[in-house]
Protein chains: 4
Amino acid sequence: MSHNLHNLPFATRLNSFASNPDAFWSDLKGKPTPLQMAQRAATVEGLTVLDLNYPDHFIGHDPVELARAIRDAGLDISGVAMRYYSVPQFRLGAFTNPDASVRRQAIDLTKKGVDAASLCDAPHLTLWMGQDGFDYAFQMDYARAWDAEIEAIREVALHNPDVMISIEYKPNEPRSYALMPDAATTLLAIHDVGLPNLGVTLDFAHVLYADEQPAFAAALVARHSKLLGIHLNDGYSKRDDGLMVGAVHTVQTIELLRQIKKDGYSGALYFDTFPDVTGLDPVAECEANIRTVRHMIDVVDRLDARNGLVDAIDRQDAVSSNRILQETMLQTLHP
Amino acid sequence: MSHNLHNLPFATRLNSFASNPDAFWSDLKGKPTPLQMAQRAATVEGLTVLDLNYPDHFIGHDPVELARAIRDAGLDISGVAMRYYSVPQFRLGAFTNPDASVRRQAIDLTKKGVDAASLCDAPHLTLWMGQDGFDYAFQMDYARAWDAEIEAIREVALHNPDVMISIEYKPNEPRSYALMPDAATTLLAIHDVGLPNLGVTLDFAHVLYADEQPAFAAALVARHSKLLGIHLNDGYSKRDDGLMVGAVHTVQTIELLRQIKKDGYSGALYFDTFPDVTGLDPVAECEANIRTVRHMIDVVDRLDARNGLVDAIDRQDAVSSNRILQETMLQTLHP
Amino acid sequence: MSHNLHNLPFATRLNSFASNPDAFWSDLKGKPTPLQMAQRAATVEGLTVLDLNYPDHFIGHDPVELARAIRDAGLDISGVAMRYYSVPQFRLGAFTNPDASVRRQAIDLTKKGVDAASLCDAPHLTLWMGQDGFDYAFQMDYARAWDAEIEAIREVALHNPDVMISIEYKPNEPRSYALMPDAATTLLAIHDVGLPNLGVTLDFAHVLYADEQPAFAAALVARHSKLLGIHLNDGYSKRDDGLMVGAVHTVQTIELLRQIKKDGYSGALYFDTFPDVTGLDPVAECEANIRTVRHMIDVVDRLDARNGLVDAIDRQDAVSSNRILQETMLQTLHP
Amino acid sequence: MSHNLHNLPFATRLNSFASNPDAFWSDLKGKPTPLQMAQRAATVEGLTVLDLNYPDHFIGHDPVELARAIRDAGLDISGVAMRYYSVPQFRLGAFTNPDASVRRQAIDLTKKGVDAASLCDAPHLTLWMGQDGFDYAFQMDYARAWDAEIEAIREVALHNPDVMISIEYKPNEPRSYALMPDAATTLLAIHDVGLPNLGVTLDFAHVLYADEQPAFAAALVARHSKLLGIHLNDGYSKRDDGLMVGAVHTVQTIELLRQIKKDGYSGALYFDTFPDVTGLDPVAECEANIRTVRHMIDVVDRLDARNGLVDAIDRQDAVSSNRILQETMLQTLHP
């Protein structure tokens, strides 16, 4: 395991920086622009990249100029993410909408997102198909919806083979049930599409929400496709809480970091947290996340440097591996 | 949809018939034998088939003679189900046990189960890999465990191509996390094994426990593999409650029956309920389940005979489909 | 049980009627006013009352005139509900906000809500303290927050003893944990406040979300306080889905209706569903809910008219009560 | 906060020591006796007390002699716990059984448990009313069951005012719904009983299972009753996993320890974990738990010694308190 997680860039959610505007802008009228939010994000110590949402952040902006302005502000673009929920006609579905003309709008909009990612030199376009699902029994013809989803993803992936398409799954929100709820369903869909420029984005809180152990989900993705994105945050497994890293599942986050180190993940470590929901300061919150993850990467490196962990795992000896973990996390409190 | 669900046989869990022994056996010493339980099951009006567990129900019995005696009692054998939890050395895993010799024992025992199914003329062997999973982060090398699971299933399926192997999934019990927790992970595994004599058994309460909509899980299985078994019961989605059919998710059960009718399911309708846990009478409980499912099949047939449901589903118009469903379920209360 | 549920008025969520505006308003500019939404709600066959939100629906309106205009439109006012989430400074808490001046604002705003309910001749003011909770361990001093909540509720209840204050609980949204998450915690708080003009509003989907059996929660409320409001809807117990009545928990809804009939509930049957989220027609959706509940009340009446159910419940004989229930729901499909 | 958690004794679950018998007993026939398990438990470094189950551990033993023999083995008795699930006629309920004669048996057996606790000089008798609940809607008359539960607890508490009765709650196992599912319902019941020798036992995994934040539940108990017992373990919030301390909710466990230090808890720190389920070595597992909790108590002491945490909590400033927590847990990895 020579792969060094300390070399991975830290990214974060741009919209968090609309939180507590008075703390940064003395005389802001209305909402900050994407560029203004990026300029505030650039003040975070250790943050070097961010994602942009399509179409939201691009409305009224030329992609090339927007990307240049953000890079001038000191941040690189780690990816572009499609946002369907901001388009009213997609409420009942994007690629699985019952109306063929709306499905076509969704596909064409997504192709424009592919173009935007390409123009921004972003490594991938993330698709969270949050609207594609159902709320009721007897609402959807599941076989037909599945085929529509697969066909649409294929058309989007074929649009530009040089842009990687990363599917981010989430089980139960905004729709009661999503068509892409968990790692394995997403991997089945990727297999059905059968194209090389597809992969998966794991969001830690979505993974918990899907009742998955994060490192197992990452291993399943590495085995069957490619891990293109990691969203770090935390929560209580019942919904998408968007909490700071390590707020609940410290051990599971450390295991996930060890797993992606093992599998050679080379993308950004992106914080998908919601400081804006309860009005936390987004700069301080992001710096806390960076500090926490740096500590956790040190724990991962110490675990790998220790004798005994690999042997304990080979024996599935949780008593020994738990002791090694607790000592490595907390040992120095007992000098 | 000409397929008639009223032609499917009803099966049930044999061990339920150890419940309330005094109500059936005046002078039973100790536990009833499998044959005695089958004789009691045969008194259930409408029950025609049952499953046997391997090795538990076969210990001290010749498979051919046991099957003949059960058929003489008036019940056919719908399948054989492997039971690993009764073997202490499999507590930490069967196909994924850290000890290679224990993995070998699990594979060899399962091959004997394949032979038993063949000797009983049972259509399939069900594998619920309940012990194959983990309780702790840092307990298991997920990639290696996945490969061990796939290799073992392949060896078992190759043992006798004429016996179908049906994988039954369940997310969180007895291990905190199972390697085969949900429909899509099971379908990924079946794809990795790549043999024709594999399929899936859906247990309604396991499906709810995995946060799946039952009819969607069935459609996903029909799309990617074969549905070989259906276990009907009910619960509150938080654990494997084993309640009577329709006790909670009436609408979802009716939708599942409609889906398997559509997909041409031809196996048994098996009740995997636990009347023994709280001492309910197993004969009355099974007859209640049969009566409920017959009512629900009538609802399915009436729904298919009505105008409007298919159109409503094509529009994903849940208001219309819900109205049609409620009227069809409850209409005649308002003559 | 001579109490007749068919005499209870049907109410619904006013904001649902902003959904699909084109279907009702040919030339609406922007969002409909509360009065316009009420006029649309009045077109629902069988709907006779509605709730108003404070301050949202009252902004720019005199309460007396607004109530008169709504009554002129043909609907009575069943209650007023406080809404804190629309006030940014309450994001981190209303009665439990760390800032004493913000807590004071929340209390004073709520007293104005009491006045508005009184001026509208609304029978009660509902308090859903959605902002009062916490997202993180080490975020809140629980003992101090509890005392602040109790003191604030007391001050509000004392403001006008003729206005009943009804507390609506919900476990995990918008805050990860609420201070008033379930029936029993709410009843403990009501006991701590110790005033007569307090009671509870049960929201079916919140009750499921809190892992409660609805009829048990209602019985606990009747035993320790007063049931002042019932919100009917449905969901999958993992979040507040806001689905149509009977979409999932048909049996549990029927049991709840039987329980409140038994306990003599005399308020409105209010539908707290979200047709606007996925763009369902709110008039058709509300009429479907009314039709479903009328069917369910008929089932309740038939259950009470049948022999055997009470005896089965006295024996805790679920097999018999389930058979009686299934026959009463579905029997006439087998003439 | 001068209270020192390092002075609290460590206790554990006696039955865990039946796990891996060969590792301790060279020639054990059948299951070990309670005294044999206690002798093995006594080999755990740092373990000083244990609980006994009534009637299970007392069958065939005189309480006074059993207690003396265990004390001779080097362990004190921290409490006695009632076990109803081992008595078949209680399957459908103990204090809430539909059969009055069975309810009487349950009450009389529990009084014998009170006597046993007194004879053992155990500080309290724990009641986990696991059988008192329901599986189905329409199975139970909730109001009558509640009254039966309250009356039975009162009779048991009155039997010997010198023995404290501690109620341990759990939401969904073995019954689908328990009558005592969470902290607040238990506190309501204690208030209804209205006697001084009642209190609550918090089991960490049960608290998570009930969707409660452990430190909030402890504060609610301290506010309304007495905390008489703490069971430490861990899990994934979906069931009673019985994992080692800190395996998942490190931060929440540390917060709980800080809360009970603040509230002056003076009982034992009892490990209710299940090493026997997957065959872990119970001595090594218990020593790992003791080591982990000692580390966590050090973290609590360091947090209390630091400036800033109390101020951050007063501001409900989760960013600051999370930073302080992470630094205190992991800081020394960055010297």
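For clarity, every value in this text was computed on a predicted model and none was experimentally measured.

Draft legend 1. Structural view of the packing of helix α3 (residues 100–119) of chain B against helix α4 (residues 142–159) of chain B. Residue and element names in this part refer to chain B. Taken N-terminus to C-terminus, the directions of α3 and α4 make an angle of 30°; their axes are 9 Å apart at the nearest point. When the axis of α3 is compared with that of α4, the two are roughly parallel. As for the relative orientation of α3 and α4, their crossing is right-handed in sense. Residues R103, R104, I107, T110, K111, V114 and D115 of α3 form the contact with α4, whose participating residues are A148, A152, E155, V156 and H159.

Draft legend 2. Broad picture of the interface of chain C and chain D. Facing the 52 residues of chain C at the interface are 52 residues of chain D. Both sides of the chain C and chain D interface together cover about 4,700 Å² of buried area, and 60% of this is carbon and sulfur. Three residues, F138, F216 and Q316 of chain C, lead the burial of chain C against chain D; their summed loss comes to 20% of the area buried on that side. Taking the shortest distance from any N to any O, the salt bridge between D147 of chain D and R223 of chain C comes out at 2.9 Å. Applying the counting rule to chain C against chain D returns 21 residue pairs in polar contact (both at pLDDT 80 or more). Of all the secondary-structure elements, those providing two or more residues to the side of chain C that touches chain D are α4 (142–159), β7 (177–178), α5 (183–193), α7 (214–224), α8 (250–262), α10 (309–314) and α11 (318–330) of chain C.

Draft legend 3. Spatial organisation of the relation of the copies chain C and chain D. You can overlay chain C on chain D at an RMSD of 0.0 Å; the transform is a turn of 180° with a shift of 0.0 Å along its axis. Within this description, the copies of the chain are treated as partners about a two-fold rotation axis. For chain C, the minimum C-alpha distance to the rotation axis belongs to A184 of chain C and amounts to 2.6 Å.

Draft legend 4. Region of interest: the pairing of strand β3 (residues 76–82) of chain A. Residues and elements named next belong to chain A. Burial runs high along β3: six of the seven residues are buried. Relative to β3, strand β2 (residues 47–54) is paired through six bridges, and the arrangement is parallel. The partner of L50 across the bridge, within β3, is I77. Assessed by its sense of winding, the connection that carries the chain from β2 through helix α2 (residues 63–72) to β3 is right-handed. Across two bridges, the pairing between β3 and strand β4 (residues 124–127) is parallel. Considered in β4, the bridge of A81 is made with T126. This β-α-β element, β3 to helix α3 (residues 100–119) to β4, shows right-handed connectivity.

Draft legend 5. Geometry of α3 of chain B. Residues and elements named next belong to chain B. For α3, with 20 residues, the first-to-last C-alpha span of 29 Å sits near the 28 Å given by 1.5 Å per residue. Residues of α3 that are buried: V102, A106, I107, L109, T110, K111, G113, V114, A116 and A117. Considering only its buried residues, α3 is in contact with β2 (47–54), α2 (63–72), β3 (76–82), β4 (124–127), α4 and β6 (164–168). Looking one or two places after α3, you find D121, whose phi comes out positive at around 55°.

Draft legend 6. Representation of the pattern of salt bridges. Residue and element names in this part refer to chain B. In total, this model carries 92 salt bridges over all chains according to the counting rule given. Linking E155 and R104 is a salt bridge whose minimum nitrogen-to-oxygen distance equals 2.9 Å. Of this pair, E155 sits in helix α4 while R104 sits in helix α3, placing them 51 residues apart in sequence. With a relative accessible area of 25%, E155 lands in the partly exposed category. When the shortest N-O distance is used, the salt bridge between E151 and R154 registers 2.4 Å. Here R154 and E151 lie together in helix α4, a separation of three residues that amounts to about one turn.

Procedures and definitions
Residues numbered from 1 in each chain as written. Chains lettered and ligands numbered in written order. Predicted model: local features only at pLDDT ≥ 70, side-chain atom pairs only at ≥ 80, totals over all residues. Heavy atoms only, no water. Axes fitted to C-alpha atoms, helices over the stretch in contact; angles between N-to-C directions. Helix = DSSP H or I, 4+ residues; strand = E, 2+ residues; numbered from the N terminus. Parallel < 35°, antiparallel > 145°, perpendicular 65-115°, else oblique. Left-handed = near helix turned anticlockwise from the far one by under 90°. Contact = heavy atoms within 4.5 Å. Buried area = accessible area lost by both parts, 1.4 Å probe. Salt bridge = Lys/Arg side-chain N within 4 Å of Asp/Glu carboxyl O. Polar contact = N/O pair within 3.5 Å; in protein donor to acceptor, adjacent residues only side chain to side chain. Least-squares fit on C-alpha atoms with pLDDT ≥ 70 in both. Buried < 20%, exposed > 50% of the residue type's maximum accessible area, 1.4 Å probe, protein only. Pairing = 2+ DSSP bridges. Right-handed = clockwise from strand over helix to strand, strands pointing away. Expected span 1.5 Å × (residues − 1).

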